[in-house]
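Remarks on the overall topology
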Amino acid sequence: CYIPGPSNSPWEGAMIPTMMAFSSETWRPPKCSFPGGFFHLNVYPSGTIDVPTLNEENSWDPTMTLPEILFTIQQRLCHPSINSPSQAGAYKFRVDNGKEAYDRRCREEADKYRGASKGAAEKAERMAAQYGAIDPLGVVERAERMARKKTEAARPPPVPDFERDEEGRPRREHWP
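These numbers were taken from a predicted model, which means no experiment stands behind them.

Criteria and cut-off values
Residues numbered from 1 in each chain as written. Predicted model: local features only at pLDDT ≥ 70, side-chain atom pairs only at ≥ 80, totals over all residues. Heavy atoms only, no water. Helix = DSSP H or I, 4+ residues; strand = E, 2+ residues; numbered from the N terminus. Contact = heavy atoms within 4.5 Å. Areas by Shrake-Rupley, 256 points an atom, 1.4 Å probe, with all protein chains shown as cover. Buried < 20%, exposed > 50% of the residue type's maximum accessible area, 1.4 Å probe, protein only. Lys, Arg positive; Asp, Glu negative; His and termini not counted. Salt bridge = Lys/Arg side-chain N within 4 Å of Asp/Glu carboxyl O. Polar contact = N/O pair within 3.5 Å; in protein donor to acceptor, adjacent residues only side chain to side chain. Core = buried A, V, L, I, M, F, W, Y, C linked by side-chain atoms within 4.5 Å. Patch = residues over 30% accessible without salt bridge, like charges linked within 9 Å, V, L, I, M, F, W, Y side chains within 5 Å. Disulfide = S-S within 2.5 Å.

1. Points about the overall build of the protein chain
- Of the regular secondary structure elements, the protein chain holds three helices and four strands.
- Ordering the α and β elements of the protein chain from the N terminus gives β-β-β-β-α-α-α.
- Excluding contacts between residues fewer than 6 apart, the proportion of contacts in the protein chain whose partners are at least 24 apart in sequence is 57%.
- Counting every atom, the protein chain has about 11,300 Å² of accessible surface; 54% of that belongs to carbon and sulfur.

2. Observations regarding the side chain of Arg 76
- Within the secondary structure, Arg 76 is located in helix 1 (residues 66-78).
- Asp 50 is the oppositely charged side chain nearest to the buried, salt-bridge-free Arg 76, at an N-O distance of 6.3 Å.
- Among the polar contacts made by the side chain of Arg 76, one reaches the side chain of Asn 42 at a distance of 3.3 Å.
- Sequence-distant contacts of Arg 76, that is, excluding residues within four places in its chain, are made with His 40, Asn 42, Asp 50, Val 51, Pro 52, Ser 81 and Ser 84.

3. Details of the nonpolar core
- In this structure, Ile 16, Phe 34, Phe 38, Ile 69 and Ile 73 are the most contacted members of the largest nonpolar core, which totals 25 residues.
- Contributing elements (two or more residues each) for this core: helix 1 and helix 2 (88-131).
- The element that contributes the greatest number of residues to this core is helix 2, accounting for five residues.
- Other than its neighbours up to four places away in sequence, Ile 73 contacts Ile 3, Cys 32, Phe 34, Ile 49 and Leu 54.

4. Observations concerning unusual backbone geometry
- For Asn 8, which is not glycine, the phi dihedral falls at a positive 60 degrees.
- Its location among the elements puts Asn 8 in the loop between strand 1 (2-4) and strand 2 (15-17).

5. With respect to the environment of Thr 53
- Tracing the backbone through its elements, the reader meets Thr 53 in the loop between strand 4 (31-33) and helix 1.
- Overall, the relative accessible area of 25% leaves Thr 53 in the partly exposed class.
- For the pair Thr 53 and Pro 29, spaced 24 residues apart in the sequence, the C-alpha separation amounts to 8.7 Å.
- Apart from the residues within four sequence positions on either side, Thr 53 is in contact with Ser 59, Trp 60, Asp 61, Met 64 and Thr 72.

6. Some thoughts on the pattern of salt bridges
- Tallying each qualifying case throughout the model produces seven salt bridges.
- The partner of Glu 25 in a salt bridge is Arg 28, with the nearest N and O atoms 2.4 Å apart.
- By relative accessible area, which is 32% here, Arg 28 ends up partly exposed.
- Notably, a salt bridge pairs Asp 103 with Lys 99, separated by 2.8 Å at the nearest N-O pair. In this pair, Asp 103 and Lys 99 both sit in helix 2, four residues apart, roughly one turn of the helix.
- Connected through shared salt-bridge partners, Glu 25, Arg 28 and Glu 56 make up one network.

7. Considerations on a nonpolar patch on the surface
- Together, Ile 82, Tyr 91 and Val 95 make up a nonpolar patch on the protein surface, roughly 230 Å² of accessible area in all.
- With respect to the helices and strands, the residue Ile 82 is situated in the loop between helix 1 and helix 2.

8. Focus on the side chain of Ser 9
- As for its position among the elements, Ser 9 is in the loop between strand 1 and strand 2.
- On the accessibility criterion, Ser 9 (12% relative accessible area) is buried.
- At 2.6 Å, the side chain of Ser 9 forms a polar contact with the backbone oxygen of Pro 6.

9. Details of the state of the cysteines
- The final tally for this structure, using the stated rule, is zero disulfides.
- With no disulfide partner, Cys 32 has as its closest neighbouring cysteine sulfur the one in Cys 1, 8.1 Å distant.

Right, here's the structure in full:
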């Protein structure tokens, strides 16, 4: 899929190709990546996107919907975390040259994907005309359905409600 660069950021106007691999174990976060060599503080040289909310050990929430995941990645693009760099070159560039120079370098990176914007938009329009939807394969719906199933399966069974005595203990006739 393509993630549009957030407006009012160095990435504005770019359509960045993004690979999302979902595990068959639905409680695990998807593995998300940009093309290898992508210049950004929080993208590993391999292209793997480093976002805390997509980290299983950190703050991953299996109920996150696909639009929320994509929004999180967009936010990381325009709000990089200098405190948890994933790419030494981008980190060194940011520290040595400052935020303005880093933003200029990000604009250069985004320029690689601005030409793709027109092609991606045209392709989306053709697909919408042909299939009647931007998401003809129902990827978003399937991902959200899987997340709901996983959430429902993860919920503990409801606790039965027993009549209780004046001290709050279940009445004797309800004991096993």
